[in-house]
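# Structure assessment
Given next are the chains, with one letter for each unit.
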Amino acid sequence: MDWLNAATQGILLGGLYALFAVGLSLVFGTMRLTNLAHGDLTILPAYVALMVVNALRFNPFYSIPITMVIMFVFGYLLQRGLLNAIVKTGDVNGVIVTFGISIVLQNALLLGFTANSQGLDAGTVENLSIKINDRLAVGWLPLIIFLMSLVVITVLQIFMGRTKMGRAFRAVSDDQEAARLMGINNKHIWAVAMGVALLIVTIGGVMMAIRTTFDPLLGSQRLIYAFEAVVIGGMGSAWGTLLGGIILGLAQTLGAQAFGSAWSILVGHVVFVVILALRPQGFLAKTVTS
Amino acid sequence: MSLLEITDASVYYEDFQALYDINLTVEEGEIFACIGANGAGKSTMLKTVSGVLTPRRGTILFDGQPIDHMQPHKRVEMGISMVPEGRRVFPSLTVQENLIIGAYRGRPGPWTTDAVYELFPLLEPLKKRQASGLSGGEQQALAIGRSLMSNPRLILMDEVSLGLAPVVIKRIYDAFPTLLESGCTIFVVEQDVQHVLTVASHVACFLEGRIALQGKPSELTNEQITAAYFGV
């Protein structure tokens, strides 16, 4: 039964990783930008939410929509003001600039909030769980996070598949020059893509901040998990990313169950490397070339 | 007033000058053809009108308004639409989605997806197929249909017959009268000289970045065109 418990926690954890990873995948998909600051951008909304909660004194759950709006605007301006200039200049520049942004964000957060761990206090819901039997319990918070990942991915799929803006995202992703000739303003589309990515990341980032503590240096670890989830699942598929997150989460919790909790993260990475070696395109890759 | 007036336009790729002081005028409702050998500057001319390139010197007036430093997407709004060389349909989108993207800057007008399917009936059964799976001719028809969806006043076609079977080329040229009827002016770049001369109302022959010869095809002799084409 302990194994069942570990597997359940692993699946739920996968939802969280997917929330971190779909934004990374969206940005890479629409503009071929490898965003090394993505991990830090999952931490930033936690601090934004902290400021909102401190200023307005209400439950951190209510801060999520406000933080989503703030992060969307931040993402839009970051892309339009800075990153758009380097999108077309090649992959290396993108890596260098976003690495720089990562360092700037970490140090700005250290300056503003110190390296001490912070938490968002949502009251009793943090500890409530559904008891299935004596040895298996599902926490409400991990369950809510998992369900949110399902909602986010469903909404994202509908957005990409059915809306005018979503079609424009895919057109720009396919061929950005042809898209401009069809009247699409790439710079706006890229900025919206970054905004949407940060809006999604905010949900995961703030929910995680409610669930555990956070500090300014956690970003790089989350970046790696997000990368691993995207690669395992396959580029261009949001459901694949969820699958990748779940596989990674399962590897970590089952690894901890088998070898002790110190092994959890390493087992996750090993499983990732094995999948990368055996199936480099991921499980549900959906990229099309002409 | 002419629909498109290009005056003393010089266009560069960084340090390389591709066009030298080009002057040309496209009247509303005509088929204007640019011909010339590879590298003569025809495609550069078209890209300068669509906004992918901007002239370093000179002016481009569209319907009397200067557009030479306008972004491509703004030009689509004004009624300039491009069928790019190599078709460039969106491979992961379906045929229907490709057409809908063409209407992104929706100018009002006669062109709808149904009108495009009527013009190119071969596309209708492929509606739900991804464009990556289409043949070259089907992709070319789709690329033209996609451009028409913006209800352009000026449609730019870059090498539409390149790499296509003669029967497909004929089908595409057969669509030109319908395009003109819908109020489009056609600006076409071609290497297939014989074919384009039969439909064009005005022809400009490019040679090494300059216009070597222009006029009505009926007033030009084959010898003149050959001389301008090869620069002999």
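Look a little higher up for the structure.
Reference entry: report on the structure contained in this document. These numbers were taken from a predicted model, which means no experiment stands behind them.

Regarding its fold elements, chain B presents nine helices and ten strands. Radius of gyration (C-alpha) of chain B: 17 Å, near the 17 Å computed for a compact globule of 232 residues. Across its three principal axes, chain B shows a C-alpha extent of roughly 50 × 35 × 35 Å. Sorting the 232 residues of chain B into buried and exposed places 45% on the buried side. In chain B, 68% of the contacts between residues at least 6 apart in sequence involve partners at least 24 apart.

With that out of the way, let us pick up the overall build of chain A. The secondary structure content of chain A amounts to eleven helices and two strands. Sequence-ordered secondary structure for chain A, helices as α and strands as β, is α-α-α-α-β-β-α-α-α-α-α-α-α. What you see for chain A is a C-alpha radius of gyration of 19 Å, in line with the 19 Å of a compact globule of 290 residues. Taking the principal axes of its C-alpha atoms as reference, chain A extends roughly 65 × 50 × 35 Å. Taking as baseline every contact in chain A between residues at least 6 positions apart, the subset at least 24 positions apart corresponds to 76%.

On to the pairing of strand E3 (residues 31-36) of chain B. All names here are of chain B. Most of E3 is tucked away, with six of its six residues classed as buried. Side chains Ile31, Ala33 and Ile35 of E3 all project onto a buried face; the interleaved residues Phe32, Cys34 and Gly36 project onto the opposite face, where all are buried too. Two strands pair when backbone bridges link them, and E3 and strand E9 (residues 202-207) are joined in this way by five bridges, in the parallel orientation. Following the sheet pairing, Cys34 is matched in E9 by Ala204.

A few words on the sheet that holds strand E5 (residues 65-66) of chain B. Through backbone hydrogen bonds, the strands of a sheet pair up, either in parallel or in antiparallel fashion. All names here are of chain B. Taken together, the four strands give an open sheet; going across it, the order is E2-E1-E4-E5, and neighbouring strands pair in antiparallel fashion. Looking at strand neighbours, the two that pair on one side only are strand E2 (16-26) and E5, the edges of this open sheet. By the bridge criterion, seven bridges tie strand E1 (residues 4-13) to E2 in an arrangement that is antiparallel. Looking at E2, one finds that Glu5 is bridged to Thr25.

Attention shifts here to the nonpolar core. In this structure, A:Tyr17, A:Val22, A:Ala193, A:Met194, A:Ala226 and B:Leu156 are the most contacted members of the largest nonpolar core, which totals 155 residues. Those residues in contact with A:Ala193, other than ones at most four positions away along the chain, are A:Leu26, A:Val27, A:Thr30, A:Met31 and A:Phe169.

Quick look at the environment of A:Gln157 now. Secondary-structure assignment places A:Gln157 in helix H5 (residues 140-162). Taking the number of C-beta atoms within 10 Å as the measure of exposure, A:Gln157 has 14 and is therefore partly exposed.

Of note in this structure, A:Thr114 is not a glycine but carries a positive phi near 65°. Looking at where A:Thr114 falls in the secondary structure, it is placed in the loop between helix H4 (91-113) and strand E1 (129-131). Positive phi, close to 50°, is recorded for B:Glu159, a residue that is not glycine. Examined against the element boundaries, B:Glu159 turns out to sit in the loop between strand E7 (154-158) and helix H6 (166-174). C-beta crowding within 10 Å serves as the criterion here: with 21 such atoms nearby, B:Glu159 is assigned to the buried category.

Interfaces are often described in size by the accessible area the parts lose on coming together. Across the contact, 17 residues belong to chain A and 23 residues belong to chain B. Taken together, the elements giving at least two residues each to the side of chain A that touches chain B come down to helix H6 (164-174) and helix H7 (176-181) of chain A. Looking at the side of chain A that touches chain B, its residues break down into seven nonpolar, four polar and six charged.

Pairing between E9(B) and strand E10 (residues 210-215) of chain B: five bridges, direction antiparallel. Note on E10(B): the bridge partner recorded for B:Val203 is B:Gly215.

Here we take up the sheet that holds E10(B). All names here are of chain B. Read from one edge of the open sheet, six strands run E6-E7-E8-E3-E9-E10, paired in mixed fashion. With one partner strand each, in any of the chains shown, strand E6 (80-83) and E10 form the two edges of the open sheet. Within this sheet the neighbouring strands show an average axis-to-axis angle of 20°, counted without direction. Sheet topology note: the E7/strand E8 (residues 185-190) ladder contains five bridges and is parallel. Bridging across to E8, Leu154 finds its partner in Thr185. This element, helix H1 (residues 42-50), spans E3, E6, E7, E8 and E9 of the sheet and lies at about 145° to E7.

Okay, the packing of helix H2 (residues 38-56) of chain A against helix H8 (residues 186-211) of chain A next. Residues and elements named next belong to chain A. Between H2 and H8, whose axes approach to 8 Å, the crossing angle comes to 65°. Seen from above, H2 lies across H8 with right-handed handedness. Note on element contacts: H8 touches H2 through Leu198, Val201, Thr202, Gly204, Gly205, Val206 and Ala209, opposite Leu41, Thr42, Ile43, Pro45, Ala46 and Ala49. Of the residues contributing to the contact of H2 with H8, the split by class is nine nonpolar, four polar and no charged.

All names here are of chain A. Where helix H1 (residues 2-31) contacts H8, the two axes come as close as 8 Å, and the packing angle between them is 170°. In terms of orientation, H1 lies roughly antiparallel with respect to H8. Facing H1, whose interface residues are Leu16, Leu19, Phe20, Val22, Gly23, Leu26, Val27, Thr30 and Met31, H8 presents Ile189, Trp190, Ala193, Met194, Val196, Ala197, Leu198, Ile200, Val201, Ile203, Gly204 and Met208. Residue composition of the contact of H1 with H8, grouped by class: 18 nonpolar, three polar and no charged.

Our focus in this paragraph is helix H10 (residues 238-259) of chain A. Residue and element names in this part refer to chain A. Between its first and last C-alpha atoms H10 spans 31 Å; for 22 residues at 1.5 Å apiece the expected length is 32 Å, and the two agree. The buried fraction of H10 is high, at 17 of 22 residues. Looking one or two places after H10, you find Gly260, whose phi comes out positive at around 105°.

Residue and element names in this part refer to chain A. For helix H11 (residues 264-278), built from 15 residues, the straight-helix expectation of 21 Å at 1.5 Å per residue is met to within 8% by its first-to-last C-alpha distance of 22 Å. When we look at burial in H11, the residues that qualify are Val267, Gly268, Phe272 and Ile275. Seen end-on, H11 carries its buried residues on one side only, within an arc spanning 140°. Opposite the buried face of H11, by more than 90 degrees, sit the exposed residues Val273, Val274 and Ala277. Those residues of H11 that are buried lie in contact with helix H9 (219-233) and H10.

Basis of the calculations
- Residues numbered from 1 in each chain as written.
- Chains lettered and ligands numbered in written order.
- Predicted model: local features only at pLDDT ≥ 70, side-chain atom pairs only at ≥ 80, totals over all residues.
- Helix = DSSP H or I, 4+ residues; strand = E, 2+ residues; numbered from the N terminus.
- Rg over C-alpha atoms; globule rule 2.2 N^0.38 Å.
- Buried ≥ 20, exposed ≤ 12 C-beta atoms within 10 Å, placed from the backbone.
- Contact = placed C-beta atoms within 7 Å.
- Pairing = 2+ DSSP bridges.
- Core = buried A, V, L, I, M, F, W, Y, C linked by C-beta atoms within 7 Å.
- Nonpolar A, V, L, I, M, F, W, Y, C, P; charged D, E, K, R; others polar.
- Axes fitted to C-alpha atoms, helices over the stretch in contact; angles between N-to-C directions.
- Left-handed = near helix turned anticlockwise from the far one by under 90°.
- Parallel < 35°, antiparallel > 145°, perpendicular 65-115°, else oblique.
- Expected span 1.5 Å × (residues − 1).
- Arc of directions from axis to C-beta.

Interpretation in functional terms is not warranted from these geometric data alone.
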